[in-house]
Amino acid sequence: MEAGKTTRTLWAFVPLGVLIGLLALSIAIFGADSILGPSQVALLAAAGVAAAIGMLRYRIPWKEFEDALKGNVGSIGSAVIILLLIGAISGTWMMSGVVPAFVCYGIKIISPKVFLLTACVLCAIVSVMTGSSWTTIATVGVALLGIGRAEGFSDAMTAGAIISGAYFGDKVSPLSDTTVLASSINRVPLFDHIKYMMVTTIPSFTIALIVFTFLGLSHSGSDSGQIALYTETLTSTFHISPWLMVVPLITVILIWKRLPALVVLALSVVTAAIAALIFQPDIIRRLGEGITEGSATRIYFAGTVESIYNSVSLDTGSEVVNPLVATRGMLGMLNTVFLILSAMCFGAALKASGMIADLARLLTPLTKTRTGLVSSTVVTGASLNGIVSDQYLSIILTSSLYGENFDKEGYERRLLSRSVEDSSTVTSPLFLWSSCGMTQATILAVPTLIYAPYCLFNILSPLMSILIAAIGFKIKRERL
């Protein structure tokens, strides 16, 4: 490498060093709450350093930074709306009783011999429905951990099954913010991205389920009383009916019809809101009475809108179940939007200053082959989870670093978005100092290093991504 290019590459590491240093300090001080604001400050500060280097050393005009920022922010416009709709769905699906119905119907099938398998599948289902691995683990996961203890399973084994299922659901759910982010930032239609991920995701999840089944069959025990606690509390709080399954069924049909994601999510919110008025009128009325008074129409309207936009919690009479029925709403997604916008600023500064190209140049020798390109992407995505301690940042930075390489080599962008999800999204809870690792270890009260070996899906996904790349299955090269 020429001396001039070497110097430029060294300068490109400066804002990355600033970002890593500030993120480490933020995590040390704020812990898991660092994602609520300190991480955004770190991103904006690092973006300022990158812009300063670009303007002062390379004489890049400020207008180029503004243009890059406009381009980055403009590219995620639809993703931001989707995130807000996801928040709306999390509220309406919960208040309508859709998610509680899934939990009740799913949790009844738990038996000792297939406990680990059932725990993994149940967490996967709830995570697909909610689009959030964190919510799934903090609610159903906590209950399943208690059941596992009662049936003689180690916390590590149970936590591994819970996290594997939750991250499978998070990865393939159209309601997941990481899935939306990975697809949108790489300019891949959401449902095309999800469909293409199945090539690597289904084999990984299948292997994980087989292993969990084998491990579970070696144990025996009796059902835990926590099953009755959950089902009785949910059925006394919500009107649980099979008719509630019409809401997810309509959503599945709309997805199958390949309607745009915005349309599918918006219609899903509307159908769930209608279902809430039909099946849970008492809950909607209580929400409305907490806001306004007057006619029934006024109260029910207020309660419905409250379930859509606001973070809502219900008192079910059980402190164990209360977290399950708490929702984020649109307001709960604003911090994720804040993080994404801050990351877009950092990415724009790196792009306009030419630092993305400088960093990518180091990786070019490793990306000349299909397997090398995907392997480099996967390793980078997983490594950045350990370096920047956040899956959102890992998704954004990995996509930015390899986007031009995939385009240059003629591979579809959906291969990049899949590789990023196979690494950045699923490996995040395996690092004890990352936001996901700290959060899951705190929620489940199981140290990261203890449960990590049993997070089979999270370990297999990046390896499967590399294996499929080596085989070349379903991988198209647009030009040679």
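Residues numbered from 1 in each chain as written. Predicted model: local features only at pLDDT ≥ 70, side-chain atom pairs only at ≥ 80, totals over all residues. Heavy atoms only, no water.

Draft legend 1. Representation of the overall build of the protein within the structure. Across its full length, the protein holds 23 helices and zero strands. Its C-alpha atoms give the protein a radius of gyration of 23 Å, near enough to 23 Å, the size a compact globule of 480 residues would have. Along the first, second and third principal axes, the C-alpha atoms of the protein reach 70 × 60 × 45 Å. Across the 480 residues that make up the protein, the buried fraction comes to 58%. A total of about 18,900 Å² of accessible surface is found on the protein, and carbon and sulfur atoms cover 68% of it. (Helix = DSSP H or I, 4+ residues; strand = E, 2+ residues; numbered from the N terminus. Rg over C-alpha atoms; globule rule 2.2 N^0.38 Å. Buried < 20%, exposed > 50% of the residue type's maximum accessible area, 1.4 Å probe, protein only. Areas by Shrake-Rupley, 256 points an atom, 1.4 Å probe, with all protein chains shown as cover.)

Draft legend 2. Region of interest: the packing of helix H4 (residues 77-95) against helix H16 (residues 334-352). Axis separation between H4 and H16 bottoms out at 9 Å; the angle between their running directions is 160°. Between H4 and H16, the angle is such that the two are roughly antiparallel. In this structure, H4 crosses over H16, and the sense of that crossing is right-handed. Of the residues in H16, those in contact with Val 80, Leu 83 and Leu 84 of H4 are Leu 334, Thr 336, Val 337 and Ile 340. Classifying every residue of the contact of H4 with H16 gives six nonpolar, one polar and no charged. (Axes fitted to C-alpha atoms, helices over the stretch in contact; angles between N-to-C directions. Parallel < 35°, antiparallel > 145°, perpendicular 65-115°, else oblique. Left-handed = near helix turned anticlockwise from the far one by under 90°. Contact = heavy atoms within 4.5 Å. Nonpolar A, V, L, I, M, F, W, Y, C, P; charged D, E, K, R; others polar.)

Draft legend 3. Just H4, in detail. Taking 1.5 Å per residue, 19 residues should reach 27 Å; H4 reaches 28 Å between its end C-alpha atoms and fits that length. Counting buried residues in H4 gives 15 out of 19 residues, a clear majority hidden from the surface. Of the residues one or two after H4, Gly 97 is the one with positive phi, at around 95°. (Expected span 1.5 Å × (residues − 1).)

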